[in-house]
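# Observations on the model geometry
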Amino acid sequence: MVKLNTRNFGEIEIDESSIINFPNGIPGFQKEKRYIIINNPDKENPFQWLQSVDNPDLAFVVINPFFVKVDYDIVLPESAIETLKIEDEEDVALYTIVVIPENIEEMTTNLSGPIVVNVKEKLGKQIVLDDGRYSTKHYIFKKESNSEGA
């Protein structure tokens, strides 16, 4: 176990084997390469956190995209499959980054830029999809035309 200081959660203990390596970082945060997923203690709450291991101030709120859009369906580029060493789709976990504005009802998630994690290899990457079906600002609590929120 390793102690990790975080701005949002204080000092927490993590298992080193839970660290996910992002070889290219996350767009805009390329220098940060090691993250952990912090699960919400409230099992009914769908939000989790992608916390940087090396930067206590950097944590993204994330959500399973299927919670927001049950028919979410993406095709990973071959380059991402190779980078993440994906051999079986059962080893893949998907998350999308959530933006929480002052008015919580305006909360959105980025369905066109999912975080893809190979849970077996502990490798992650944010993929930018070339798919017009999804937007960077999909409302979580509102119905949108052509798509349904939660």
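See the structure shown above.
A few points on the structure. (Residues numbered from 1 in each chain as written. Predicted model: local features only at pLDDT ≥ 70, side-chain atom pairs only at ≥ 80, totals over all residues. Heavy atoms only, no water.)

### What to know about the packing of aromatic side chains
Overall, the coordinates contain six aromatic pairs when judged by the stated rule. For the pair Phe 9 and Trp 49, a centre-to-centre distance of 5.0 Å together with 75° between the ring planes defines the contact as edge-to-face. You can see Phe 9 sitting in the loop between strand S1 (2-6) and strand S2 (10-14) and its partner Trp 49 sitting in strand S5 (residues 47-52), a full 40 residues away along the chain. Taking the centre distance of 5.0 Å and the plane angle of 70° together, the rings of Phe 22 and Tyr 35 count as edge-to-face. Taken together, the residues span a long stretch of sequence, with Phe 22 in the loop between strand S3 (20-21) and strand S4 (34-38) and Tyr 35 in strand S4 at a distance of 13 residues. (Phe/Tyr/Trp six-rings, centres within 6.5 Å; stacked < 30°, edge-to-face > 60°. Helix = DSSP H or I, 4+ residues; strand = E, 2+ residues; numbered from the N terminus.)

### Some remarks on unusual backbone geometry
Phi at Lys 85 takes a positive value of approximately 55°, unusual for a residue other than glycine. Within the secondary structure, Lys 85 is located in the loop between helix H2 (78-83) and strand S7 (92-99).

### Here we look at the side chain of Thr 109
Assignment of secondary structure puts Thr 109 in strand S8 (residues 108-109). For Thr 109, a relative accessible area of 0% corresponds to the buried category. In this view, Thr 109 contacts Ile 63, Val 68, Thr 96, Ile 97, Val 98, Ser 135, Thr 136, Lys 137, His 138 and Ile 140; residues no more than four positions away in its chain are not counted. (Buried < 20%, exposed > 50% of the residue type's maximum accessible area, 1.4 Å probe, protein only. Contact = heavy atoms within 4.5 Å.)

### Digging into a negative patch on the surface
On the surface, a cluster of negative charge is contributed by Glu 87, Asp 88, Glu 89, Glu 90 and Glu 121. Among the secondary structure elements, Glu 87 is positioned in the loop between H2 and S7. For Glu 87, a relative accessible area of 73% translates into the label exposed. (Patch = residues over 30% accessible without salt bridge, like charges linked within 9 Å, V, L, I, M, F, W, Y side chains within 5 Å. Areas by Shrake-Rupley, 256 points an atom, 1.4 Å probe, with all protein chains shown as cover. Salt bridge = Lys/Arg side-chain N within 4 Å of Asp/Glu carboxyl O. Lys, Arg positive; Asp, Glu negative; His and termini not counted. Charge placed at Lys NZ, Arg CZ, Asp CG, Glu CD.)

### Considerations on the nonpolar core
In terms of nonpolar packing, the biggest core is built from 15 residues, with Leu 4, Ile 12, Ile 14, Ile 36, Phe 47, Val 98 and Ile 140 touching the most fellow members. Of all the secondary-structure elements, those providing two or more residues to this core are S2, S4, S5 and strand S6 (59-63). Other than its neighbours up to four places away in sequence, Ile 14 contacts Met 1, Val 2, Leu 4, Ile 19 and Ile 36. (Core = buried A, V, L, I, M, F, W, Y, C linked by side-chain atoms within 4.5 Å.)

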